[in-house]
Amino acid sequence: MEKQTIVVRVNVEMTAASLQAIVAGAKAAARPDNNGMYRIDTADKVGEMISRFLMEKDFESYVKGLNRD
């Protein structure tokens, strides 16, 4: 069963190396256009990666556990 989700716009602090790795991965998966430019929305890729991480690491259980402390 898939969970209902919403999009939340936030500021996220991460290392420069993390961002560089996301951009490198996105470029590797994409192809340049006729002018050799990559048409990749880096902010979207960062959002996708963070969302995937939160789902895979069960962020929901983590935040629910905070309320019990």
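Refer to the structure printed above.
Right, let's walk through the structure included here. Small disclaimer: the values here were computed from a predicted structure and weren't measured. (Residues numbered from 1 in each chain as written. Predicted model: local features only at pLDDT ≥ 70, side-chain atom pairs only at ≥ 80, totals over all residues. Heavy atoms only, no water.)

1. With respect to the overall build of the protein chain
Step number 1: A tally of helices and strands in the protein chain yields 3 helices and 0 strands.
Step number 2: Taken over the C-alpha trace, the protein chain has a radius of gyration of 16 Å; the compact-globule value for 69 residues is 11 Å, which it surpasses by more than 25%.
Step number 3: Along the first, second and third principal axes, the C-alpha set of the protein chain runs to 55 × 30 × 20 Å.
Step number 4: Relative to its full complement of 69 residues, the protein chain shows a buried share of 6%.
Step number 5: Counting every atom, the protein chain has about 6700 Å² of accessible surface; 53% of that belongs to carbon and sulfur.
Step number 6: The positive charge centre, built from 10 side chains, and the negative charge centre, built from 10, are 4 Å apart in the protein chain. (Helix = DSSP H or I, 4+ residues; strand = E, 2+ residues; numbered from the N terminus. Rg over C-alpha atoms; globule rule 2.2 N^0.38 Å. Buried < 20%, exposed > 50% of the residue type's maximum accessible area, 1.4 Å probe, protein only. Areas by Shrake-Rupley, 256 points an atom, 1.4 Å probe, with all protein chains shown as cover. Lys, Arg positive; Asp, Glu negative; His and termini not counted. Charge placed at Lys NZ, Arg CZ, Asp CG, Glu CD.)

2. Focus on a nonpolar patch on the surface
Step number 1: Together, Ile6, Val8, Val10, Val12, Met14 and Leu19 line one region of the surface with nonpolar side chains, adding up to about 560 Å² of accessible area.
Step number 2: Note that Met14 resides in the segment before helix H1 (16–29).
Step number 3: Here Met14 falls in the partly exposed class, since its relative accessible area comes to 31%. (Patch = residues over 30% accessible without salt bridge, like charges linked within 9 Å, V, L, I, M, F, W, Y side chains within 5 Å. Salt bridge = Lys/Arg side-chain N within 4 Å of Asp/Glu carboxyl O.)

3. Regarding the pattern of salt bridges
Step number 1: Counted under the stated rule, the structure contains 5 salt bridges.
Step number 2: A salt bridge links Glu48 to Lys45; the nearest nitrogen and oxygen atoms lie 3.4 Å apart. One end of the pair, Glu48, and the other, Lys45, are both in helix H2 (residues 42–56), 3 residues apart, so they sit about a helical turn from each other.
Step number 3: Given a relative accessible area of 31%, Lys45 falls into the partly exposed group.
Step number 4: Among the ionic contacts, a cluster of salt bridges with common partners joins Lys3, Glu60 and Lys64.

4. A look at H2
Step number 1: Taking 1.5 Å per residue, 15 residues should reach 21 Å; H2 reaches 21 Å between its end C-alpha atoms and fits that length.
Step number 2: Of the residues flanking the start of H2, the one acting as N-cap is Asp41, its side-chain oxygen 3.1 Å from the backbone nitrogen of Ala43. (Expected span 1.5 Å × (residues − 1). Polar contact = N/O pair within 3.5 Å; in protein donor to acceptor, adjacent residues only side chain to side chain.)

5. Side note on the environment of Thr5
Step number 1: With respect to the helices and strands, Thr5 occurs in the segment before H1.
Step number 2: Here the alpha-carbon distance between Thr5 and Ala43, two residues 38 residues apart in the chain, equals 19 Å.

6. Describing unusual backbone geometry
Step number 1: With a phi angle near 55 degrees, Asp58 is a residue other than glycine that sits in the positive phi range.
Step number 2: Among the secondary structure elements, Asp58 is positioned in the loop between H2 and helix H3 (59–66).
Step number 3: According to the relative accessible area criterion, Asp58 is partly exposed, its value standing at 34%.

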